[in-house]
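Observations on the model geometry
Read off the chains here:
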Amino acid sequence: MPIQQSLISPTANPELEKSLRERVERHAAIAGGLGELEPLAVRLGLVQNSLTPRFRDPVLAVFAADHGLAVDGIANLWGRSTREQALMALQNRLPLSVFARLQGLQLSLVDCGIAEPLQPHAKLLSRKIAHGTRNTRLGAAMSLEQAHAGVRVGMEIADKLQGNVLACAGMGQGSAESAALVLARLMDCPVQDFIVSGPDMRQDDLARLLGLLHGAQARHREVVEPMEVLAAFGGFEIAVMVGAMLVAASKRSLIIIDGMTACAALKLASRIAAPVTDYAVFCRSHVHRGLDEALALFHASALLELGMDSADGTGAALAWPMIRSAAALLTDLHEATDPRTVGLNAANSGNTAPHSQPQDAGRALNS
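All figures in this text were calculated on a predicted structure; none of them were measured in a lab. (Residues numbered from 1 in each chain as written. Predicted model: local features only at pLDDT ≥ 70, side-chain atom pairs only at ≥ 80, totals over all residues. Heavy atoms only, no water.)

Observations concerning the overall build of the chain
A tally of helices and strands in the chain yields 15 helices and six strands. Scored against the burial criterion, the 367 residues of the chain give a buried share of 51%. A separation threshold of at least 6 residues defines the contact pool for the chain, and within that pool the share at least 24 residues apart is 76%. Carbon and sulfur atoms provide 52% of the accessible area of the chain, an area that totals close to 16,900 Å². (Helix = DSSP H or I, 4+ residues; strand = E, 2+ residues; numbered from the N terminus. Buried < 20%, exposed > 50% of the residue type's maximum accessible area, 1.4 Å probe, protein only. Contact = heavy atoms within 4.5 Å. Areas by Shrake-Rupley, 256 points an atom, 1.4 Å probe, with all protein chains shown as cover.)

What follows is the structure in structure tokens.
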């Protein structure tokens, strides 16, 4: 599916939204308000264009790739290479893998460009564009042709998904820095906003990282078009995520965004087709301050704030039960026309034909 033909409808539907809100408010009148679950339920109904949104075959896709920036000494996440981190996810040795299984999410690790080879695995989707990007500080991270190829790969992946939920997370050495460069250029704001992890970040580490990233920005100071920004600064995992998000939205699937890399991909996708953000909800797996800035770009907050410092994807797995619960407000909760008559109706139904219940029970046992 060419990018230009990715047809994504906005979810805005005032009449449906009014009906959804009325439905939620009727439940609240009976059992009390449910806080943030209520607007989330309305959002889910708008995504599916339905009063009774139902989700099936949810997928948690972790898009993994290496980045040329890593040769400049960017630290490995928890001291592990991208390949080692990917193997741990595949072998159920990361919390995100365990939580995904517990919550009924199908985990798929997409190798978009890990530098080292991985053995075939049932949860591994090998879609390698190349063995890692080039160093953006010295030249374009990828060619424009590779950027387009990555987007097409993501489109093909999402087009083949049977379900209507796609949770997106990134993985890779240099991934967060690459995403920060993409967001800084697209939004014309300081890259420092996205890389400051918190008040305890060492100033010498920050200064060294800023020196590297400012060098990359200076190398590509004229680049402004979205696909050119992706090629100059991005990772293959970002490119593939962009395509997957575009097609997922065109199918009216819910997109769960987890982490800085997924935010960068969504911002790129929105420059190609703005309504894609209508289909996104946000969660987080760590307390990195730069992620606060990334979420603010979408005027969004995370569904859950648990104070974690874990791999992207963990938050998506933990947020999924909350999303299912919000949908259940619309699909599984029975309507009652007047809460004052519920008990009376139940009592009356118990007083009619008192001798019929044993007969009904007997028929049930004999059937």
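There is more to say after this.
Thoughts on the pairing of strand 5 (residues 254-258)
Most of strand 5 sits inside the fold, with five of its five residues counted as buried. Of the two faces of strand 5, the one lined by Leu254, Ile256 and Asp258 and the one lined by Ile255 and Ile257 are each fully buried. One ladder, built from five bridges, connects strand 4 (residues 165-171) with strand 5; its direction is parallel. What sits directly across from Leu166, in strand 5, is Ile255. Where strand 5 meets strand 6 (residues 280-283), four bridges bridge the pair, whose relative direction is parallel. When the bridges of strand 6 are listed, Ile256 appears paired with Val281. (Pairing = 2+ DSSP bridges.)

Topic: the pairing of strand 1 (residues 59-65)
With seven of seven residues buried, strand 1 lies mostly within the body of the structure. Covered by surrounding structure in strand 1 are Val59, Ala61, Phe63 and Ala65 together with Leu60, Val62 and Ala64, the residues of both alternating faces.

Comments concerning the nonpolar core
Counting residues in each nonpolar core, the largest one holds 120 residues, and the members touching the most others are Leu60, Phe63, Leu230, Met245, Ile255, Ile256 and Ile257. Looking at this core, the element that brings in the most residues is helix 10 (residues 236-250), giving twelve residues. (Core = buried A, V, L, I, M, F, W, Y, C linked by side-chain atoms within 4.5 Å.)

Some points on helix 9 (residues 226-233)
In terms of burial, helix 9 is a largely internal element, seven of the eight residues being buried. Turning to helix 9, its buried residues number three or more, namely Pro226, Met227, Val229, Leu230, Ala231, Ala232 and Phe233. The inward-facing, buried residues of helix 9 contact helix 5 (144-160), helix 6 (175-187), helix 8 (203-219), helix 10 and helix 11 (260-272).

Regarding the packing of helix 6 against helix 8
Describing two packed helices takes the angle between their axes plus the distance from one axis to the other. Two elements in contact, helix 6 and helix 8, have axes whose closest approach is 11 Å; the angle formed by their N-to-C orientations is 50°. Judged on the interaxial angle alone, helix 8 and helix 6 are oblique. For the crossing formed where helix 6 meets helix 8, the hand is right-handed. Counted together, Glu177, Leu181, Ala184 and Arg185 of helix 6 and Leu209, Leu213, Ala216 and Gln217 of helix 8 form the full contact between these two elements. (Axes fitted to C-alpha atoms, helices over the stretch in contact; angles between N-to-C directions. Parallel < 35°, antiparallel > 145°, perpendicular 65-115°, else oblique. Left-handed = near helix turned anticlockwise from the far one by under 90°.)

A few points about the pattern of salt bridges
Scanning the entire structure with this criterion turns up nine salt bridges. A salt bridge links Arg137 to Asp72; the shortest N-O distance between them is 2.9 Å. Pair noted here: Arg137 is in the loop between strand 3 (124-126) and helix 5 and Asp72 is in the loop between strand 1 and helix 3 (82-90), with a separation of 65 residues, a long-range link. Taking the relative accessible area as the measure of exposure, Arg137 reaches 28% and is therefore partly exposed. (Salt bridge = Lys/Arg side-chain N within 4 Å of Asp/Glu carboxyl O.)

Comments concerning unusual backbone geometry
For Asn49, which is not glycine, the phi dihedral falls at a positive 55°. Unlike most non-glycine residues, Asp57 shows phi in positive territory, near 45°. Relative to the assigned elements, Asp57 resides in the loop between helix 2 (37-48) and strand 1. By relative accessible area, Asp57 is classed as partly exposed at 47%.

Brief notes about the environment of Val229
You can see Val229 is positioned in helix 9. When the C-alpha atoms of Val229 and Ala147 are compared, they prove to be 9.7 Å apart, with 82 residues separating the residues in sequence. For Val229, the contacting residues outside a window of four places in its chain are Val182, Arg185, Leu186, Val223, Val224 and Gly234.

A short note on the packing of aromatic side chains
With the rule as written, the count across this model stands at two aromatic pairs. On the basis of an interplanar angle of 35° and a centroid distance of 5.2 Å, the ring pair of Phe282 and Phe298 is categorised as tilted. Of this pair, Phe282 sits in strand 6 while Phe298 sits in the loop between helix 12 (289-296) and helix 13 (314-331); the two residues are 16 residues apart in sequence, bridging distant segments of the chain. One exposure class covers both Phe282 and Phe298, and it is buried. Above the ring of Phe298, the side-chain terminus of Lys267 is found at 4.5 Å from the ring centroid. (Phe/Tyr/Trp six-rings, centres within 6.5 Å; stacked < 30°, edge-to-face > 60°. Lys NZ or Arg CZ within 6 Å of the ring centre and 35° of its normal.)

Function cannot be inferred from these measures alone, as they are strictly geometric.
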